[in-house]
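# Close look at the chain arrangement
Listed here are the chains, written in short residue letters.
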Amino acid sequence: MRLRFLVYLVLYLPLILTAQNLKAPQDYFGFQMGADKKLIDWSQIEGYFRYLDQGSDRIQVVELGKSTRGRPFIAAFFSSADNLKNLDTYQTIQQKLAFPFDVEQEQATQLIADGKLVMLLSLNIHSTEIASSQESVELAYELATRTDEKISAILDNVILILIPSLNPDGQEMVTKWYRKHLGSESEGARLPGLYHYYAGHDNNRDWFMFNLKETRLVAPLLYRQWFPEIVYDQHQMGSAGPRMFLPPYKDPINPNVSSVLLSEVNMLGKYMTSEMTEQGFSGIVNGMMFNSYFEGTMSKTPLWHNMIGILSELASTRMATPLYFPRGSLGRYGAEISRYARGAEFLNPWPGGWWHLRDIIEYEKAAAYSMLGFAVRFKEKIMSNFYKLNKENIAKGQSSPPYHAVIPAKQHDPGSAALMLRRLKMGGVNIYQAQADFTYRGKKYERGGYFIPLAQPARAYIKDLFEVQKYPDLFEYPGGPPSRPYDFTGWTLPLQMGVKAFLSEEAIDVPLKTCSNFTFGPLVQEISEARYYLAEARYNNAYALINDLLYDGITVYRSAQNGDTAAGTFVIQNKSGLLKKLNALSRKYQVPLKGSAVNPVVKGWDLKQPRLAIYQPWRANIDEGWTRLVMDNFKFTYRVVHNNDIRKGRLNQKFDAIIIPEMSTSQLLEGKNKRPDEKKAAEPLIGAARMPEKFRGGIGKEGVQALKDFVKSGGTLITLGKSCNFAIDKIRVPAVNVLKKKKRKEYFAPGALLEMQLDTSHPLAYGMESNVAVRFTSSPAFRLLPHNQESLAVGYFNEDNPLLSGWLIGSSLLAGRTALAEIAVAKGRVILFGFRVQSRSQTYGTFKLLFNAILRSAMTPINKNARN
């Protein structure tokens, strides 16, 4: 006994003494978290978590990987010392409850009794919503050192996974920007550009697509390793309304989310509201603005996985600069709060006065503790419902349609189909491959296709991503305009990615084999020496392969329709030592190459590496960021240009093509948005934070003239979405946006997927099928005017309602209209993409249209006879 005690002293006394001597954040950093005009940055936050990890046995810090810009991305596990020693045991329990194929009720009851509720708390996904990153160190310190009964109960019953920042890069950027401008007129001003390198605010729209490094790092915690029963994501919102939002969420409700689960969400949101109101927190609102219909956010996507997903929103300050709200300054926020007054969902309005960063931290900490207390109090109920919902989904998929999501073996772009399956697997989906041919509703399908059974816990997730969305008709009042949805209304994944798939309404009897590597068609084969090699343009990845070759100076041609050679085929001229590289690239990109003794290009083009520019405004533009991600993923080289680069002119000396991402004409010209009734955007008020002078303004009149000169001298100007209005109004291309002046009651397409027809004989549509789903966000559509040069409608709508998924008002206005046009202007061209061709890097089905537009700028007609 004495020996055991001595061993205990040797092993644990240093930890106990260290934990008692751990410095609180205010002592470690020299100021209280949330102090006016004081912030800690990511390197300091990460360092403090490592410090706690060294000094406490209640925390384990794990580096999940590196962020987009290479910073450590960490998660901290909090629980009792005994629980942390046995994490493997508790993880196994979680996995059994998450995939209860062979777990019956009696065993589940024992697992729940033996297990710990797992909760994931994610902070600071939006970098300018800075408070939660500052809260993180204070919350971590208290969990690591407090010894009161409440904390002990939490640590005994809960495993908390805390992510201090879902965007470490942005946290560091905005903190340093804020510090740099303290004491100037730019104190608290927005950061120029995006606070996530690619996605900005849209990093919270990537949670089923997993395009970004950060979402890919967190996905395994959610859907493969820990399966938290509760996921809580803390945010900030506008400052002039309620102080805090908590669920229940507002209508509409997604039909695939369990009623039991949403009842738990409502219960938890109201529990937190009640507890915080008792503690003296005011201004908390429920049922406002934020709904549980849209899938794709950090807090909501877990709902489709039978996890409680909670979003909170706190009123903002200007970073760490406080704001004062005089009487009468607080107003409506969203359609639900028509006036700032007490109501059923807003029981205790905040009266106004000073609002500090410290206030936000106090609210957020109180909310976190309330949720942890709820987890302790209702542990068995929450874990039991998680198990039951998973078990019910398995049973439902066995007894009622749809039974499978089926992805046939024959795909237009096999690479995109394989990528879709890899992304679904990241979301915790089990996928199988057909080992024999099969027939469904009279149609025969070859073996090698993939089956995703809906008899699995992720049934709601699978069903929601494969079926078309039918958003309800919701209006602000009878006869009034449509209510604006929270986000996109259609996100059907196979439609976005150009993948053929269907949900089977009847059971299909075919032998299946589980798999984790996905390929369509025959495996890529080694090629042998030939004079030329052909790559088909139907593969998105063919463009990455060709870009790699062009970068190295390899000779590449592009074919028009020539006999059996498909229009748009890339023809690579061999040279000494190239074969090994081609085989390596073919394997890397899974693009088959075919050898040829002769150059098949009878009519076509000599292709060089395009000199591409992407315009980046100083006002954060999310579309610009996603454009860069797509370009980087497919190996396009480009240069980012700003206002001065455009205004200087002589653009043809540097660039073949310039992309203007989606933005209003006023943002492009003046660097700011203005209301339709304004002739000029309003000047900022006295006391408002102003951007430094160098980051103000747009391209101005000089920039307009420079772009006109660029096009007339042979350049290709590519305008995306609403920036097409700039090309029409300022470059003066002969086209009309027929939807520009339509009111919302007449035309409204909030993130819908529409069917567009393509002229596949045109180089812009090479590699495409004749019908494609395009993303419309109340986007423009065109009537092309008579012109003295070619003006071609490459993508257009027929006379039918084009809606495929989501919500569309005014479909008749689109009938016969153009959505993709190429208009010749002197020696150059303007290409109008009315739709969101690269939307959130999800619309793989339309990427080739953008790629072709870029390559158009670097294609020179050739005479085959002169070549051979």
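In what follows, the accompanying structure is described. (Residues numbered from 1 in each chain as written. Predicted model: local features only at pLDDT ≥ 70, side-chain atom pairs only at ≥ 80, totals over all residues. Heavy atoms only, no water.)

## Examining the overall build of the chain
Helix and strand content of the chain: 25 helices and 37 strands. Against the compact-globule benchmark of 29 Å for 868 residues, the chain has a radius of gyration of 29 Å, which places it among compact chains. Reported as C-alpha extents along the three principal axes, the dimensions of the chain are approximately 95 × 70 × 60 Å. Every one of the 868 residues in the chain was classed for burial, and the buried ones make up 61%. For the chain, the share of sequence-separated contacts (at least 6 apart) that also reach a separation of at least 24 residues comes to 80%. Element-wise, carbon and sulfur atoms account for 49% of the exposed surface of the chain, whose accessible area totals about 34,400 Å². Of the side chains in the chain, 105 bear a positive and 82 a negative charge, and the two mean positions are spaced by 7 Å. (Helix = DSSP H or I, 4+ residues; strand = E, 2+ residues; numbered from the N terminus. Rg over C-alpha atoms; globule rule 2.2 N^0.38 Å. Buried < 20%, exposed > 50% of the residue type's maximum accessible area, 1.4 Å probe, protein only. Contact = heavy atoms within 4.5 Å. Areas by Shrake-Rupley, 256 points an atom, 1.4 Å probe, with all protein chains shown as cover. Lys, Arg positive; Asp, Glu negative; His and termini not counted. Charge placed at Lys NZ, Arg CZ, Asp CG, Glu CD.)

## A short note on unusual backbone geometry
The omega torsion across D251 and P252 is 0°, close enough to zero to call that bond cis. Along the polypeptide, P252 turns up in strand β7 (residues 250-253). Cis geometry marks the peptide bond from P401 to P402; its omega dihedral reads -5°. Its place among the elements puts P402 in the loop between α13 (379-399) and β13 (404-407). Not every positive phi belongs to a glycine, and K635 is a case in point at roughly 65°. Mapped onto the secondary structure, K635 falls in the loop between α19 (622-633) and β26 (638-641). Positive phi outside glycine occurs at S841, with the angle close to 55°.

## Some words on the side chain of T215
Its location among the elements puts T215 in helix α10 (residues 213-225). At a separation of 2.6 Å, a polar atom in the side chain of T215 contacts the side chain of D206. The contact partners of T215, leaving out residues within four places of it in the chain, are N203, D206, W207 and F210. (Polar contact = N/O pair within 3.5 Å; in protein donor to acceptor, adjacent residues only side chain to side chain.)

## A closer look at the environment of M276
With respect to the secondary-structure elements, M276 resides in helix α11 (residues 259-278). Residue M276 is classed as buried on the basis of its relative accessible area of 0%. For the pair M276 and Y363, spaced 87 residues apart in sequence, the C-alpha to C-alpha distance is 8.1 Å. Residues contacting M276, with those up to four places away along its chain left out, are M244, L246, F281, I284, Y363, A366 and A367.

## Things to note about helix α8 (residues 149-157)
An α-helical segment advances 3.6 residues per turn. Residues three or four places apart therefore align on the same side. For α8, the complete set of buried residues consists of I151, I154 and L155. For α8, the buried positions fall inside an angular range of 90° around the axis, keeping them on one side. On the buried face of α8, the contacting elements are β2 (72-78), α4 (81-85), α7 (131-145), β4 (158-163) and α12 (357-377). Two or three places before K150, at the start of α8, stands the capping residue D148, its side-chain oxygen 3.3 Å from that residue's backbone nitrogen. (Arc of directions from axis to C-beta.)

## Quick notes on the nonpolar core
With 240 residues, the main nonpolar core has F49 and F833 as its most contacted residues. Take this core: its biggest share by element is 12 residues, from α12. When residues no more than four places from it in sequence are discounted, the contact partners of F49 are I59, V61, I74, A76, F78, S136, V137, A140, L162 and P164. Residues A613, I646, M663 and A735 belong to the second largest nonpolar core, which totals 31 residues. (Core = buried A, V, L, I, M, F, W, Y, C linked by side-chain atoms within 4.5 Å.)

## Overview of the sheet that holds strand β14 (residues 432-434)
Read from one edge to the other, the open sheet built from five strands follows the order β18-β13-β17-β14-β19, with strand pairing classed as antiparallel. Because the sheet does not close on itself, it has two edges, and the strands there are β18 (502-504) and β19 (512-514). The average angle at which neighbouring strand axes cross in this sheet is 35°, direction not considered. Here two bridges tie β14 to strand β17 (residues 450-453), and the two strands are oriented antiparallel to one another. Considered in β17, the bridge of Y432 is made with F451. (Pairing = 2+ DSSP bridges. Axes fitted to C-alpha atoms, helices over the stretch in contact; angles between N-to-C directions.)

## Some thoughts on the pattern of salt bridges
The tally for this structure, following the rule as stated, stands at 40 salt bridges. With a closest N to O distance of 3.1 Å, E172 and K176 form a salt bridge. Of this pair, E172 and K176 both sit in helix α9 (residues 168-180), separated by four residues, roughly a single helical turn. Given a relative accessible area of 6%, E172 falls into the buried group. Assessed through its relative accessible area of 45%, K176 is described here as partly exposed. Of the charged contacts in the structure, one is a salt bridge between K848 and D413, with a shortest N-O distance of 4.0 Å. Of this pair, K848 sits in helix α24 (residues 847-856) while D413 sits in the loop between β13 and α14 (414-426), and the two are 435 residues apart along the sequence. Just as K848 is buried, D413 falls in that class too. (Salt bridge = Lys/Arg side-chain N within 4 Å of Asp/Glu carboxyl O.)

## Points about helix α18 (residues 578-589)
Taking 1.5 Å of rise per residue, the 12 residues of α18 would be expected to cover 16 Å, and the 16 Å separating its terminal C-alpha atoms lies within 8% of that figure. Here α18 has its buried residues at L578, L579, L582, N583, L585, S586 and Y589. End-on view of α18: buried residues confined to an arc of 165°, all on one side of the axis. Turned more than 90 degrees away from the buried face of α18, the exposed residues are K580 and K588. (Expected span 1.5 Å × (residues − 1).)

## So, the sheet that holds strand β1 (residues 59-66)
What holds strands together in a sheet is hydrogen bonding between their backbones, with the strands either parallel or antiparallel. Strand order across the open sheet formed by eight strands is β1-β2-β4-β3-β5-β10-β6-β8, with mixed pairing between neighbours. Two strands in the sheet have a free side with no partner beyond their single neighbour: β1 and β8 (284-286). Here the strands of the sheet are splayed against their neighbours by 20° on average, with no regard to which way each runs. Of the pairings in the sheet, the one linking strand β3 (residues 117-122) to β4 comprises six bridges and is parallel in character. Bridging across to β4, V118 finds its partner in I159.

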